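# Structural features, examined
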Amino acid sequence: MVMIDLSFRFSNRTNEPALSAETALPSPVHRPVLLAEVVEWLDLREGVVIVDGTAGAGGHSGAIADRVGASGRVIALDRDPEMLELAREATEGKPVTLIQSSYADLDRVLDDLELDGVDGILLDLGLSSDQLAWGHRGFSFASDGPLDMRFDPKGHTSAADLVNDLDAEELARIIFEYGEERHSRRIARRIVEARRVEPILTTARLAEVVRKGVPGKWGAIDPATRTFQALRIEVNGELDQLDDLLANVAGYLNPGGRAAIVSFHSLEDRRVKHSFRDDPLLTVLTRKPVTATAEELATNPRARSAKLRVAQRCPDQNGPPNIPTPRSKADR
Ligand SMILES: C[S@@+](CC[C@H](N)C(=O)[O-])C[C@H]1O[C@@H](n2cnc3c(N)ncnc32)[C@H](O)[C@@H]1O
């Protein structure tokens, strides 16, 4: 098993150390979304090899490992060493190999493991409830913390770097494109004004500045939410990482292997839909995206916007896949 590197770097801007390796992590709060659906659509059997590209707290990896048995294997990746620590606890004793890596570097991971291909790939995009709850990681304004937002604490650029260094036009572009925020220009201007007084280094201060840039009454959602999402996507290059994986996903799969991707906003879902549809080596198995049942929604509000799409690598180059597939809710 590849060792997990827990030697975190200081954020160059906030100068706040991430949690030290010795600090006990709280119990996972993340509940895996669409768990039964993911397990069913991956068509798991004893002995198969599955990549979980976004291990998180290990909920999906653990359930998949139970299905592939001791003769199978789950290769579970995450950019965040603190999440891998939770995944390690959750998958103890199961055939799971944890590796700190981006799923965008899957070719290197498979080379290192001397694997030519795998039978399934899962991505459960975005961030986990644990990361959101950890104030020291700076993903959320719910609790104050350093303005960080890096999945990989050794990554070069934090949210504080973006907010304090980019010009107003570039900030507005990011907030508009990745946050789909119509007040992006006003918010960017407010940020530039505020940082002239004092650098913006904490989540609470950024949230306060952003709120001032949003005119009118607030709806049910805090007006800072879209800007925080946009900065997180930019800090971690999330859409580029997804594009990289999608461009190569068929090549990683063995014939008949499946890719299952859970996305949470339209920027991701559109990419998955179009890429699966346009890849000549893949057949789309989910005519409409699979969404959460009423039962899951009652207990896991995060599942509200989850969309699962699944595609299969043709068993041979000449014909469509012939493995039976579960029916999506839309087909029932
Ligand atoms: C929604 S959570 C996954 C939750 C997981 N399925 C579970 O059951 O606990 C998404 C995870 O993906 C990780 N992540 C985000 N981008 C990544 C990337 N490019 N490569 C690897 N992991 C990534 C995040 O650090 C986070 O832990």
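This one's a predicted model, so the numbers in the text were calculated from it and none came from an experiment.

### Examining the overall build of the protein chain
Looking only at helices and strands, one finds 13 helices and seven strands in the protein chain. Across the 332 residues that make up the protein chain, the buried fraction comes to 49%. The contacts in the protein chain between residues at least 6 apart in sequence include a share of 71% that link residues at least 24 apart.

### Observations regarding the pairing of strand β5 (residues 253–263)
Where burial is concerned, most of β5 is hidden: eight out of the 11 residues are buried. Direction of pairing for β5 relative to strand β7 (residues 307–313): antiparallel, over a ladder of six bridges. Counted as the bridge partner of Ala259 is Ala311 from β7.

### With respect to the site of the ligand
With respect to spatial proximity, 23 residues lie near the ligand, and among them Pro32, Thr54, Gly56, Gly59 and Asp124 are the closest. In the shell around the ligand, the residues fall into eight nonpolar, 11 polar and four charged.

### A word on helix α2 (residues 59–68)
Buried residues dominate α2, accounting for eight of its 10 residues. Taken together, the buried positions of α2 are occupied by Gly59, His60, Ser61, Gly62, Ala63, Ile64, Ala65 and Val68. Buried-residue contacts for α2 involve α1 (35–41), β1 (49–52), β2 (73–78), α3 (81–90), β3 (96–100) and β4 (118–124). Phi turns positive, to about 70°, at Gly69, one or two residues after α2.

### Regarding the pairing of β3
Relative to β3, β2 is paired through five bridges, and the arrangement is parallel. Note on β3: the bridge partner recorded for Val74 is Val96. Handedness of the β2-α3-β3 crossover: right-handed.

### Overview of the sheet that holds β4
Strand pairing in a sheet takes place through backbone hydrogen bonds and is either antiparallel or parallel in direction. Pairing is mixed in the open sheet, where seven strands are placed in the order β3-β2-β1-β4-β5-β7-β6. The open sheet terminates on both sides in strands that have one partner only, identified here as β3 and β6 (282–284). Here the average twist between neighbouring strands, direction ignored, is 20°. Bridging between β6 and β7 involves three bridges; their strand directions are antiparallel. Within β7, the position partnered with Val284 by the bridge is Ala311. Strands β2 and β3 of the sheet are contacted by α3, whose axis makes an angle of about 170° with β3.

### Brief notes about the confidence of the model for the protein chain
Segments scoring low in pLDDT should not have their predicted coordinates read at a detailed level. Per-residue confidence for the protein chain gives a mean pLDDT of 89; residues scoring 70 or more make up 87%. Counted against residues more than four places away or in other chains, residues 1–23, with its pLDDT under 50, gives 44 contacts. Here residues 328–332 is a poorly scored stretch, pLDDT under 50, and it has 10 contacts once near neighbours within four places are set aside; other chains count.

### Concerning unusual backbone geometry
Of note in this structure, Asp43 is not a glycine but carries a positive phi near 55°. Tracing the backbone shows Asp43 in the loop between α1 and β1. Overall, the presence of 22 C-beta atoms within 10 Å leaves Asp43 in the buried class. One non-glycine residue, Glu114, lies in the positive phi region at around 55°. Structurally, Glu114 is set in the loop between α4 (106–112) and β4. With 6 C-beta atoms counted inside 10 Å, the residue Glu114 sits in the exposed group.

### Concerning the packing of helix α8 (residues 184–197) against helix α9 (residues 203–212)
Two elements in contact, α8 and α9, have axes separated by 8 Å at closest approach and are oriented at 130°. For the element pair α8 / α9, the angle class is oblique. Along this stretch, α8 crosses α9, giving a crossing that reads as right-handed. Contact residues: α8 offers Ile187, Arg190, Ile191 and Ala194, while α9 offers Val209, Val210 and Lys212. Looking at the contact of α8 with α9 residue by residue, the classes come out as five nonpolar, no polar and two charged.

### Topic: the packing of helix α11 (residues 238–252) against helix α12 (residues 266–278)
Following both chains from N to C, one finds α11 and α12 inclined at 15°, their axes separated by 11 Å at the closest point. Overall, the two elements α11 and α12 adopt an arrangement that is roughly parallel. Crossing handedness for the pair α11 and α12: right-handed. Along the contact surface, α11 presents Leu239, Leu242, Asp243 and Leu246, while α12 presents Leu267, Glu268, Arg271, Val272 and Ser275. Broken down by class, the residue content of the contact of α11 with α12 amounts to five nonpolar, one polar and three charged.

### A short note on the nonpolar core
Leu34, Ile50, Ala87, Ile121, Ala260 and Leu308 are the most contacted members of the largest nonpolar core, which has 57 residues in total. Apart from residues no more than four positions distant in its own chain, Ala260 is found in contact with Val38, Trp41, Leu42, Leu122, Leu308 and Val310. Counting 30 residues, the second-largest nonpolar core is a separate cluster that includes Ala160, Leu171, Ala224 and Phe228.

Basis of the calculations
Just so you know, the residues in each chain are numbered from 1, in the order the chain's sequence is written. The predicted origin of the model limits local features to residues at a pLDDT of at least 70 and limits the giving and counting of side-chain atom pairs to 80 or more, whereas totals for whole chains, interfaces and linings rest on all residues. For the purposes of this entry, the term helix denotes a DSSP run of H or I that reaches at least four residues, the term strand denotes a run of E that reaches at least two, and both are numbered from the N terminus. Working definition of burial: number of other C-beta atoms within 10 Å of the residue's own, with buried at 20 or more, exposed at 12 or fewer, and partly exposed in between, all C-beta atoms being placed from the backbone. Residue pairs qualify as contacts under a 7 Å threshold applied to their C-beta atoms, which are placed from the backbone. Being paired, for any two strands, means DSSP has found at least two bridges between them. Whether a residue is near a molecule or strand depends on its C-beta atom, placed from the backbone, lying within 6 Å of it. Following the grouping adopted for this structure description, the nonpolar residues are Ala, Val, Leu, Ile, Met, Phe, Trp, Tyr, Cys and Pro, the charged ones are Asp, Glu, Lys and Arg, and the polar ones are all others, Gly among them. Call a crossover right-handed when, viewed with both strands pointing away from you, the route from the first strand across the helix to the second goes clockwise. What counts as an axis is a line fitted to C-alpha atoms, over the stretch in contact for a helix, and the angles between N-to-C directions run from 0 to 180 degrees. pLDDT expresses, on a scale from 0 to 100, how confident the predictor is about each individual residue. By definition in this entry, angles of less than 35 degrees are roughly parallel, angles greater than 145 are roughly antiparallel, angles of 65 to 115 are roughly perpendicular, and the rest are oblique. Put simply, a crossing is left-handed when the front helix is turned counterclockwise from the back one by less than a right angle, and right-handed when it is turned clockwise. Each nonpolar core consists of buried Ala, Val, Leu, Ile, Met, Phe, Trp, Tyr and Cys residues. Their C-beta atoms, within 7 Å, join them into a set.

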